[in-house]
Amino acid sequence: MNLRRDALAIFRAALRAADPREGIRRARPQFQDLLDLPYEHIYVVGAGKASAAMALEVESILGRRITSGLINTKHGHLAKLKRIELNECAHPVPDQAGVDGARRIAELAAQATGHDLVICLISGGASALLPLPAPGLTLDDKQSVTRQLLACGANIHEINTVRKHLSAVKGGQLAALAAPAKLLTLVLSDVIGDDLSVIGSGPTVPDHSTFAEARAILARYKIKPAKAIARHLERASKENPVRLENTRTLIVGANRLAVDAAAIEAERRGYRPLVLSTTIEGETQDVARMHASIAREVTESDRPVAAPACLISGGETTVTLDGDGLGGRNQEFVLAAALYLPERTVVLSGGTDGTDGPTDATGAIADSETVKKAKARGLDPRAFLTRHDSYRFFAALDDLIKTGPTGTNVMDVRLLLIGPRASAASGGRATSVTRAARGEPASKPSKG
């Protein structure tokens, strides 16, 4: 078995399953009745790393029926659109291009009437890519608090709770602007649990969080916001302005679809797949050690699944930055796991959007020999991990994974492939799996 080759192929299968265009096609029967109604105008708005690909599918469905549209997307995450304009802006820290685009999106939604349809496309990254500050706040205010939230280890639920209460469009406020038009929101989920109020900070759904919760999160992580933000969070009141009777929201893609596809491809290649969870979160290095421990259990006792096996997990971990390195949570996961890998094991972790942190890599791949090879080249893996410098570590070993923008974004996919026991290379369990890889009968894989 070529574990590295198979790991990359399994990851590619996960990416294919997360294609947002295919997700919209699957969901179309659930919103076709809305499209069948007559409208004076149809406007398409949205934001996110996968929103351009989503807009491409909407154009293929509606064509000339679209009056106009505007999507805020991350630089480089593009598609060839004819009727919907793309506005490239910065992620994860918002920029002025994002503010300008968000203002135009708000204006487009606000001009819709009761005879119109507004289609909103939301995917991962929309919180940073739809950065219209609340009255009295500036882009500088939002940039400062965003940088601090990203560095302190806060999870996406906490980060977006704060973002919603600093925005003029998040937390259901974009839906309020679109009323009384009919509003259809199609969502590609990038958060654990698929909470609609968290995905993209919920611009078109009710928000049940409070200003008090936003203040508590800043206090918990000892973040000192700009004075204007502190005043805003203290003085502002919260109402739910969403006109639910005119809105419909559908999730068209999520992490579980990518993970399921990875399991199918792993089985096709002769591994026993075990899905650990699609809701993994927590500090990246801790999660990596846990995954490596399970891999050791497999190699030593065939539990919780017998080798050759493929352990799969999804979700999104966090990195608390306290060094001067370059990397992302997926690269850091692989580096941390590599320190504890048993023999005959490969680990891969990648972001489904094609970018990991502030780098041009999707993630990284390592095996049981990676640490030894690194030390032979004078690289100290633990020193790189301490500095959170996983990008430079894997760049030196040519073990970065670079896909470029994928057109989707459903969090991360992590794989650990454990090869057959050396003693079983010519018979028993390994022989059975070899037969399965050739399409012959083999024992049924374990299911996670």
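Draft legend 1. Broad picture of the sheet that holds strand β7 (residues 272-280). The 6 strands are arranged β7-β8-β12-β9-β10-β11 in an open sheet whose pairing can be described as mixed. The sheet is open, and its two edges are formed by β7 and β11 (400-401), each paired on a single side. Bridging between strand β8 (residues 309-315) and strand β12 (residues 412-418) involves 7 bridges; their strand directions are antiparallel. Bridging across to β12, Ala309 finds its partner in Ile418.

Draft legend 2. Quick peek at helix α11 (residues 227-235). What α11 keeps buried is the set Ala228, Ile229, His232 and Leu233. In a view along the axis of α11, the buried residues occupy a sector of 130°, so they form one face of it. Exposed side chains of α11 directed beyond 90 degrees from the buried face belong to Lys227, Glu234 and Arg235. Buried positions along α11 lie against α7 (139-151) and α10 (211-220).

Draft legend 3. Broad picture of the pattern of salt bridges. Scanning the model with the defined rule gives 27 salt bridges in all. Measuring nitrogen to oxygen at the nearest pair gives 3.0 Å for the salt bridge that ties Arg4 to Asp399. One end of the pair, Arg4, is in helix α1 (residues 3-17); the other, Asp399, is in the loop between α17 (390-397) and β11, with 395 residues separating them in the sequence. Take Asp399: its relative accessible area is 9%, and that puts it in the buried class. With its nearest N and O atoms 3.3 Å apart, the salt bridge here joins Lys402 to Asp360. Remark: Asp360 occurs in the loop between β9 (345-351) and β10 (363-367) and Lys402 occurs in the loop between β11 and β12; sequence separation between them is 42 residues. When salt bridges with common partners are traced through the structure, they connect Arg5, Asp6, Glu265, Arg268 and Arg269 into a single cluster.

Draft legend 4. Here's a closer look at unusual backbone geometry. Between Ala179 and the following residue, Pro180, the backbone shows a cis peptide bond with an omega angle of 10°. Here Lys222, not a glycine, exhibits a phi torsion of approximately 55°, which is positive. If you trace the backbone, Lys222 turns up in the loop between α10 and α11. Unlike most non-glycine residues, His388 shows phi in positive territory, near 55°. Mapped onto the secondary structure, His388 falls in the loop between α16 (381-386) and α17. We classify His388 as buried; its relative accessible area is 7%.

Draft legend 5. Up close: the side chain of Ser167. Inspection of the secondary structure assignment puts Ser167 in the loop between α8 (156-164) and α9 (173-178). With a relative accessible area of 4%, Ser167 lands in the buried category. Reaching out from Ser167, the side chain makes a polar contact with the backbone nitrogen of Lys170 at a distance of 3.0 Å. When near neighbours in sequence (up to four residues on either side) are disregarded, Ser167 contacts Leu132, Pro133, Ala134, Lys142 and Gln173.

Draft legend 6. The arrangement of the state of the cysteines in detail. Overall, the coordinates contain 0 disulfides when judged by the stated rule. Between Cys89, a free cysteine, and Cys120, which holds the nearest cysteine sulfur, the sulfur-to-sulfur gap is 14 Å. According to the relative accessible area criterion, Cys89 is buried, its value standing at 1%. Of the residues examined, Cys120 reaches a relative accessible area of 1% and is grouped as buried.

Draft legend 7. Summary view of the packing of aromatic side chains. Under the definition given, this model contains 2 aromatic pairs. Measuring from ring centre to ring centre gives 5.1 Å for Phe393 and Phe394, while their planes differ by 85°; the resulting arrangement is edge-to-face. Grouping residues by exposure puts Phe393 and Phe394 together as buried. Through a chain of ring-to-ring contacts, three or more aromatic side chains come together here, namely Phe384, Phe393 and Phe394. The lysine or arginine in question, Arg387, covers the ring of Phe384, its NZ or CZ lying 4.7 Å from the ring centre. Between the NZ or CZ atom of Arg414 and the centre of the ring of Phe333, over which it lies, the distance is 5.7 Å.

Draft legend 8. Structural view of the nonpolar core. In this structure, Ile119, Leu121, Leu186 and Leu415 are the most contacted members of the largest nonpolar core, which totals 49 residues. Take this core: its biggest share by element is 6 residues, from α1. Residue contacts for Leu186: discarding those within four places in its chain leaves Ile24, Phe31, Met54, Cys120, Leu121, Ile122, Leu250 and Val252. Residues Ala295, Leu311, Ala336 and Ile418 belong to the second largest nonpolar core, which totals 35 residues.

Draft legend 9. Spotlight on the packing of helix α13 (residues 284-301) against helix α14 (residues 329-338). Contact geometry of α13 with α14 gives a least axis separation of 8 Å together with a crossing angle of 45°. As far as their axial angle goes, α14 and α13 are oblique. Where α13 crosses over α14, the two elements pack in a sense that is right-handed. The residues of α14 that touch α13, namely those facing Thr284, Gln285, Val287, Ala288, His291 and Ala292, are Arg329, Glu332, Phe333, Ala336 and Ala337. Each residue belonging to the contact of α13 with α14 can be placed in one class, and the counts come to 6 nonpolar, 3 polar and 2 charged.

What counts, and where the lines are drawn
- Think of each chain on its own: its residues are numbered from 1, step by step along the sequence as written.
- The predicted nature of this model means local features are confined to residues of pLDDT at least 70 and side-chain atom pairs, given and counted, to a pLDDT of 80 or more, with totals for whole chains, interfaces and linings taken over all residues.
- Each side-chain value is derived from all of the structure's non-hydrogen atoms; neither hydrogens nor water enter the calculation.
- Any two strands with at least two DSSP-identified bridges between them are counted as paired.
- Runs of H or I in DSSP of at least four residues are treated as helices and runs of E of at least two as strands, each being numbered from the N terminus.
- Accessibility here uses a 1.4 Å probe with only protein chains present; expressed as a share of the type maximum, an area under 20% marks a residue as buried, one over 50% as exposed, and anything in between as partly exposed.
- As used here, the arc belongs to the directions running from the helix axis to the C-beta atoms.
- Contacts are residue-level and defined by heavy atoms, with any inter-residue pair within 4.5 Å sufficient.
- Any Lys or Arg side-chain nitrogen located within 4 Å of an Asp or Glu carboxyl oxygen qualifies as a salt bridge.
- Between N or O atoms, a polar contact is any pair within 3.5 Å; within protein, one atom must be a potential hydrogen donor and the other a potential acceptor, and residues adjacent in sequence are included only when both atoms are from side chains.
- Note on terminology: pairs of cysteine sulfur atoms within 2.5 Å are recorded as disulfides.
- Here a Phe, Tyr or Trp ring, Trp counted by its six-membered ring, pairs with any other such ring whose centre lies within 6.5 Å, and the pair is stacked when the planes are under 30 degrees apart, edge-to-face when over 60, and tilted otherwise.
- Sitting over a ring, as applied to charges here, requires NZ of Lys or CZ of Arg to be within 6 Å of the ring centre and within 35 degrees of the ring normal.
- By convention a nonpolar core is built from buried Ala, Val, Leu, Ile, Met, Phe, Trp, Tyr and Cys residues, the set being connected through side-chain atoms within 4.5 Å.
- All axes here are fitted lines through C-alpha atoms, helices being fitted over the stretch that makes contact, and every angle between N-to-C directions spans 0 to 180 degrees.
- Roughly parallel refers to an angle under 35 degrees, roughly antiparallel to one over 145, roughly perpendicular to one between 65 and 115, and oblique to any angle outside these ranges.
- Handedness of a helix crossing follows the sense of rotation of the near helix relative to the far helix, less than a right angle counterclockwise being left-handed and clockwise being right-handed.
- Think of it as three bins: nonpolar holds Ala, Val, Leu, Ile, Met, Phe, Trp, Tyr, Cys and Pro, charged holds Asp, Glu, Lys and Arg, and polar takes everything else, Gly as well.

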